[in-house]
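Now for the letters of each chain:
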Amino acid sequence: MAEILALVEARLRSALGEPDSRADVTFLGTDRIEVLRFLDGGIVRYATLGMSGAPMADPTSPLADPVQGPRAELVLSVRGGLAATDQVLRPLAVLAASPQVEGLIVAPGASLDLGEPLWAGAPFTSVLVAESGGLVEDLELDEPMDPVRFLPLLPMTRNEAAWKRVRGAQELQERWLTHGTDLRDPLRTSVPLD
């Protein structure tokens, strides 16, 4: 696991630069999850480190495979200086620990709901998991291990999350695109959903 996480951190550094800070959170019965913060001009990027140490297991399987299975880390990008977004560190660690705690497999198109704001005053209580391969390239591991995917998180308002449950992730993303929604704006309101 330590070797994998060292490779993951190296990939994050090569894609995003040197982290300017890091925090770690440990939940009872789980491995430590770190959240690294990277500054990129006016954008602040938060990336988890630790979720990919073990593959995500199918919750219906009686035994978890310690080698094979999907691996991922989460990346959230927001405009800096507009809100207290550094408070997102613990919520991000909670989301990253969900495969270990709840047996979830985090994949593109999924919704992850915290039930509380991502940071104080945030209009977002959940995120949409987007496709990997854009900002940080997938990290290939030795066979038979699956690659580590760096999954962007797109904050959703309560209305957007409810609309997504009915219409699906693709339609919500198309709605954001049609309306020119700045998904990195920590103060944005819900996209029109009529």
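Quantities reported herein were computed from a predicted structural model and do not represent experimental measurements. (Residues numbered from 1 in each chain as written. Predicted model: local features only at pLDDT ≥ 70, side-chain atom pairs only at ≥ 80, totals over all residues. Heavy atoms only, no water.)

1. Things to note about the overall build of the protein chain
Line of reasoning, step 1. Per the secondary structure count, the protein chain includes four helices and seven strands.
Line of reasoning, step 2. Reading the protein chain from its N terminus to its C terminus gives the helix and strand order α-β-β-β-β-α-β-β-β-α-α.
Line of reasoning, step 3. A compact globule built from 194 residues should have a C-alpha radius of gyration of about 16 Å, and the protein chain, at 16 Å, falls within 12% of that.
Line of reasoning, step 4. Along the longest, intermediate and shortest principal axes, the C-alpha atoms of the protein chain span 45 × 40 × 30 Å.
Line of reasoning, step 5. Sorting the 194 residues of the protein chain into buried and exposed places 45% on the buried side.
Line of reasoning, step 6. In the protein chain, once contacts between residues fewer than 6 apart in sequence are set aside, the share between residues at least 24 apart is 58%.
Line of reasoning, step 7. Summed over all atoms, the accessible surface of the protein chain reaches about 9,600 Å², with 51% contributed by carbon and sulfur.
Line of reasoning, step 8. One way to put it: in the protein chain the 17 positive side-chain charges average out to a point 6 Å from where the 28 negative ones average out. (Helix = DSSP H or I, 4+ residues; strand = E, 2+ residues; numbered from the N terminus. Rg over C-alpha atoms; globule rule 2.2 N^0.38 Å. Buried < 20%, exposed > 50% of the residue type's maximum accessible area, 1.4 Å probe, protein only. Contact = heavy atoms within 4.5 Å. Areas by Shrake-Rupley, 256 points an atom, 1.4 Å probe, with all protein chains shown as cover. Lys, Arg positive; Asp, Glu negative; His and termini not counted. Charge placed at Lys NZ, Arg CZ, Asp CG, Glu CD.)

2. Considerations on the pattern of salt bridges
Line of reasoning, step 1. Here the structure, examined in full by the defined rule, presents twelve salt bridges.
Line of reasoning, step 2. A salt bridge links Arg149 to Asp138; the shortest N-O distance between them is 2.4 Å. Of this pair, Arg149 sits in strand S7 (residues 148-157) while Asp138 sits in the loop between strand S6 (124-129) and S7; the two residues are eleven residues apart in sequence, bridging distant segments of the chain.
Line of reasoning, step 3. As a salt-bridge pair, Glu171 and Arg167 come within 3.3 Å of each other at their nearest N and O atoms.
Line of reasoning, step 4. A cluster of three or more residues bridged by salt bridges with shared partners is formed by Glu9, Arg13, Glu18, Arg22, Arg32 and Glu34. (Salt bridge = Lys/Arg side-chain N within 4 Å of Asp/Glu carboxyl O.)

3. A word on helix H4 (residues 169-178)
Line of reasoning, step 1. Three or more residues of H4 are buried, namely Ala169, Leu172, Arg175 and Trp176. The buried residues of H4 occupy an angular sector of 125 degrees when projected down its axis, which confines them to one face. Exposed and oriented more than 90 degrees from the buried face of H4 are Gln170, Leu177 and Thr178.
Line of reasoning, step 2. Taken together, the buried residues of H4 touch S6, S7 and helix H3 (158-167).
Line of reasoning, step 3. Positive backbone phi, at 60 degrees, marks Gly180, one or two positions downstream of H4. (Arc of directions from axis to C-beta.)

These figures capture arrangement, not role.
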